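Below, each chain spelled out in residue letters.
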Amino acid sequence: MSEAYDDLYKILLIGDSGVGKSCLLLRYTEGSYTDSYISTIGVDFKTKIIEVNGYFINGEAYEFIKHDIETTINKKITYKRKMKSS
């Protein structure tokens, strides 16, 4: 296999601002913790490859603020409704 891993898993962390998504992401990918973290703007992304029973698994973790996701979904729904009504 030309890739450095056997399986790929994508993990989405979605929640309100200031609840600890960035700290959880940092703890999982880098094994460190900080209690003073700057708020994420937009999307944060980290990856980590682990070995389980001889298989290499790539975990891609994406962090989204709940408000940003809701805003994007609402815009798409509004756009589709406008397209149907015209």
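Let me begin by describing the structure that accompanies this report. (Residues numbered from 1 in each chain as written. Predicted model: local features only at pLDDT ≥ 70, side-chain atom pairs only at ≥ 80, totals over all residues. Heavy atoms only, no water.)

Our focus in this paragraph is the sheet that holds strand β2 (residues 43-52). As summarised here, the arrangement of the 3 strands in space is β1-β3-β2, forming an open sheet in which the pairing is mixed. Two strands close off the open sheet at either side, each with one partner strand: β1 (7-15) and β2. Ignoring strand direction, the axes of neighbouring strands in this sheet form an average angle of 20 degrees. Pairing of β2 with strand β3 (residues 55-65), which is carried by 10 bridges, proceeds in the antiparallel orientation. Following the sheet pairing, D44 is matched in β3 by E63. The sheet strands contacting helix α1 (residues 21-30) are β1, β2 and β3, and the helix crosses β2 at an angle near 30 degrees. (Pairing = 2+ DSSP bridges. Helix = DSSP H or I, 4+ residues; strand = E, 2+ residues; numbered from the N terminus. Axes fitted to C-alpha atoms, helices over the stretch in contact; angles between N-to-C directions. Contact = heavy atoms within 4.5 Å.)

A word on the pairing of β3. Of all the 11 residues making up β3, 8 are buried; the element is thus mostly covered by neighbouring parts of the structure. Bridge count for β1 against β3 is 9 bridges, and the pairing is parallel. Paired with Y9 across the two strands is G59, which belongs to β3. (Buried < 20%, exposed > 50% of the residue type's maximum accessible area, 1.4 Å probe, protein only.)

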